[in-house]
Amino acid sequence: MDNKVLPYFVSGVVVKGFGRGSKALGIPTANFPESVVNALPKDLSTGVYYGWASLHGQVYKMVASIGWNPYYKNEKKSMEVHLLHKFQNDFYGDELKVIIVGYIRPERDFSSLDKLIKEIKNDIAIAEHQLEEPVLNKLKNHDFLMTNH
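The following paragraphs examine the structure supplied in this document. Values in this document were obtained by computation on a predicted structure and should not be read as measured data.

Scoring rules and cut-offs
Residues numbered from 1 in each chain as written. Predicted model: local features only at pLDDT ≥ 70, side-chain atom pairs only at ≥ 80, totals over all residues. Heavy atoms only, no water. Helix = DSSP H or I, 4+ residues; strand = E, 2+ residues; numbered from the N terminus. Buried < 20%, exposed > 50% of the residue type's maximum accessible area, 1.4 Å probe, protein only. Contact = heavy atoms within 4.5 Å. Areas by Shrake-Rupley, 256 points an atom, 1.4 Å probe, with all protein chains shown as cover. Pairing = 2+ DSSP bridges. Core = buried A, V, L, I, M, F, W, Y, C linked by side-chain atoms within 4.5 Å. Salt bridge = Lys/Arg side-chain N within 4 Å of Asp/Glu carboxyl O.

**Quick notes on the overall build of the chain**
Here's step 1: Helix and strand content of the chain: five helices and six strands.
Here's step 2: Burial analysis of the chain (149 residues in total) assigns 45% to the buried set.
Here's step 3: At a minimum sequence separation of 6, the contacts of the chain that also span at least 24 residues come to 70%.
Here's step 4: Of the roughly 8,200 Å² of accessible surface on the chain, 52% is carried by carbon and sulfur atoms.

Structure (structure tokens):
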């Protein structure tokens, strides 16, 4: 994994995804539109990342999946962001800003939904831990996340 492109800054309006995150997995995700996904650097490998996200002026830890989700055999590349916070409502149409700061693992297929959920929970635990590292933790105060333009 080549980390030369990290940290990577991305923003976009949250769109409806496949509707699986909350329902099938109990892990809601915010999806970026195809135009944002297509603009990602070519040398940003598919897989699972972690970093910071800002929504409505608040900053949260996040994990993001970039790729084709082999378990679901997607035909379109997607970028799905899971904010490590419980929200009462969804936020379709709202702007989400993300700083991707680290890479967890490549994407892979799973033999069952349970194994996929277990792996995602492990990804979240890794993100929680890594984002406490001082050099990564201070990125949560980056101007990119704090400004409204």
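**Some points on the pairing of strand S6 (residues 95-105)**
Here's step 1: Within S6, nine of the 11 residues are buried, which leaves the element mostly enclosed by the surrounding structure.
Here's step 2: Pairing geometry for strand S1 (residues 8-13) and S6, over six bridges, is antiparallel. Its bridge partner being in S6, Val10 is matched across the sheet by Val98.
Here's step 3: For strand S3 (residues 47-55) and S6, the ladder comprises eight bridges, and the chain directions are antiparallel.

**Remarks on the nonpolar core**
Here's step 1: One finds Phe32, Met79, Val81, Leu83, Leu96, Val98 and Ile100 to be the most contacted residues of the largest nonpolar core, which totals 25 residues.
Here's step 2: Sorting the residues of this core by element identifies S1, helix H2 (34-38), S3, strand S4 (58-67), strand S5 (78-83) and S6 as the ones contributing at least two each.
Here's step 3: When residues of this core are assigned to their parent elements, the largest contribution, four residues, is made by S4.
Here's step 4: Sequence-distant contacts of Met79, defined by excluding residues within four places in its chain, comprise Val10, Ala30, Asn31, Phe32, Val37, Leu40, Ala64, Ser65, Ile66, Val98 and Ile100.
Here's step 5: With 19 residues, the next largest nonpolar core counts Leu25, Ile99, Ile124 and Ala127 among its residues.

**Examining the pairing of S3**
Here's step 1: Burial analysis of S3 places nine of its nine residues in the buried class, which makes it a mostly covered element.
Here's step 2: Here S3 pairs with S4 via nine bridges, running antiparallel. Directly across from Leu55, in S4, lies its bridge partner Gln58.

**A closer look at the environment of Phe9**
Here's step 1: By the element assignment, Phe9 lies in strand S1.
Here's step 2: Residue class for Phe9 comes out partly exposed when judged on its relative accessible area of 31%.
Here's step 3: Placed 92 residues apart in sequence, Phe9 and Val101 show a C-alpha to C-alpha distance of 9.0 Å.
Here's step 4: When near neighbours in sequence (up to four residues on either side) are disregarded, Phe9 contacts Val98, Ile99, His142 and Phe144.

**A look at the pattern of salt bridges**
Here's step 1: Applying the stated criterion across every chain yields a total of six salt bridges.
Here's step 2: Note that Lys61 and Glu128 form a salt bridge whose closest N and O atoms lie 3.2 Å from each other. Within this pair, whereas Lys61 is found in strand S4, its partner Glu128 is found in helix H3 (residues 113-130), the two being separated by 67 residues in sequence.
Here's step 3: A relative accessible area of 13% means that Lys61 is categorised as buried.
Here's step 4: Residue classification places Glu128 among the partly exposed residues on the basis of a relative accessible area of 34%.
Here's step 5: With its nearest N and O atoms 2.4 Å apart, the salt bridge here joins Arg108 to Glu119. Taken together, the positions of Arg108 in the loop between S6 and H3 and Glu119 in helix H3 put the pair 11 residues apart, joining distant regions of the chain.
Here's step 6: Accessibility expressed as a relative area gives 36% for Arg108, which makes it partly exposed.
Here's step 7: The exposure class of Glu119 is buried, given its relative accessible area of 17%.
Here's step 8: In this structure, a network of salt bridges that share partners links the residues Arg105, Arg108, Glu119 and Asp123.

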